[in-house]
Amino acid sequence: MPPRPNLPPQPLPEDKELVLKVVPMPADVNANGDIFGGWVMAQVDLAGSVLPQRISHTRMVTVAVNEFIFKQPVRVGDILSFYAGVLKVGRTSVTVNVEVFAERFSDQGKFVKVTEARLTYVAIDATGKPQELPDTEQTRAWREALLAQEKNTPEQS
């Protein structure tokens, strides 16, 4: 196995919620000895679905992987922490940002961002048709927070 670059530790996000922790196992490796990217993608999809599922009270399906960036390889024994934050709440959809940090088995207590993704989920009814998200306290809070964030963010030219 090639040596890992000695990357500086990174702080964990304070504006996102820890939604999943998992340790990849030997069955999850690819031919290069790293964790298979498809396995990481599946875990990101599970982590990304946690926040939308909280408000939907119905089936939520992944309709788009808007962006997916592998920043560093993941190895067997790394402790992966998945942090999610809502980026947008639409009429039927929720877009989520997921950041994945590895706590290396040999360097515990220090975290390195290994993956970042943006996914969109849609609420569907029993026939598979999109349906409106319920008007819950959580939905309203997310919409208000996102609106306030937009107002406080200077426009880029």
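One can find the structure itself at the top, above this paragraph.
These lines cover the structure that appears in this document, whether it is placed above or below.

What counts, and at which threshold
- Residues numbered from 1 in each chain as written.
- Predicted model: local features only at pLDDT ≥ 70, side-chain atom pairs only at ≥ 80, totals over all residues.
- Heavy atoms only, no water.
- Helix = DSSP H or I, 4+ residues; strand = E, 2+ residues; numbered from the N terminus.
- Buried < 20%, exposed > 50% of the residue type's maximum accessible area, 1.4 Å probe, protein only.
- Phe/Tyr/Trp six-rings, centres within 6.5 Å; stacked < 30°, edge-to-face > 60°.
- Salt bridge = Lys/Arg side-chain N within 4 Å of Asp/Glu carboxyl O.

Further remarks concern unusual backbone geometry. You will see that His57, though not glycine, has its phi angle at about 55°, which is positive. Structurally, His57 is set in the loop between helix H1 (37–56) and strand E2 (59–70). Residue class for His57 comes out exposed when judged on its relative accessible area of 63%.

Looking now at the packing of aromatic side chains. Overall, the coordinates contain two aromatic pairs when judged by the stated rule. Between Phe68 and Phe70 the ring centres are 4.9 Å apart and the planes differ by 50°, which places this aromatic pair in the tilted class. With relative accessibility at 44%, the residue Phe70 sits in the partly exposed group.

By the definition in use, this model includes twelve salt bridges. A salt bridge links Lys71 to Glu116, with the nearest nitrogen and oxygen atoms 3.9 Å apart. Placement of the pair is Lys71 in the loop between E2 and strand E3 (79–89) and Glu116 in strand E5 (residues 111–124), with a sequence separation of 45 residues. Accessibility expressed as a relative area gives 39% for Lys71, which makes it partly exposed.

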